[in-house]
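Take a look at the letters that make up each chain.
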Amino acid sequence: NMALQKNNTSGYTGVYWDTAKRKWRAQIKKDGKKIRLGMFCTPEKAYAAYLKAKERLHTFNPVPRDVKIVQAL
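Note that the structure is a prediction, hence the values are computed from the model and not measured. (Residues numbered from 1 in each chain as written. Predicted model: local features only at pLDDT ≥ 70, side-chain atom pairs only at ≥ 80, totals over all residues. Heavy atoms only, no water.)

Engineer: Could you give me a rundown of the environment of Ala3, with the residues and numbers involved?
Structural biologist: Within the secondary structure, Ala3 is located in the segment before strand 1 (15-18). Here Ala3 falls in the exposed class, since its relative accessible area comes to 55%. Between the alpha carbons of Ala3 and Thr13 there is a distance of 7.7 Å; along the sequence they are 10 residues apart. (Helix = DSSP H or I, 4+ residues; strand = E, 2+ residues; numbered from the N terminus. Buried < 20%, exposed > 50% of the residue type's maximum accessible area, 1.4 Å probe, protein only.)

Next up, the structure:
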């Protein structure tokens, strides 16, 4: 459960801008392996996918420290 990195431009954990595809990507780690969750038009939609995956994969701590309220998209 890491804090946001200083170079994070999206403002969301697990969400970054893919320059080549010009879309927001969501990803999460499980057992040291990256799991790509997809590409999205907005960082909020990418973060919603991240939170859904976190709830499913990280049952020991399903809500990140820096959680932002995201309405159902």
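Next comes the rest of the account.
Engineer: Tell me about the packing of aromatic side chains, and name the residues and values.
Structural biologist: Here the structure, examined in full by the defined rule, presents 3 aromatic pairs. For the pair Trp17 and Trp24, a centre-to-centre distance of 5.1 Å together with 65 degrees between the ring planes defines the contact as edge-to-face. A ring pair is formed by Tyr47 and Tyr50, whose centres lie 5.9 Å apart and whose planes are at 15 degrees; its orientation type is stacked. With Tyr47 and Tyr50 both in helix 1 (residues 43-57), this residue pair falls 3 residues apart, about one helical turn. Tyr50 shares its class with Tyr47; the two are buried. A connected cluster of aromatic rings, assembled from ring pairs, spans Tyr12, Tyr47 and Tyr50. (Phe/Tyr/Trp six-rings, centres within 6.5 Å; stacked < 30°, edge-to-face > 60°.)

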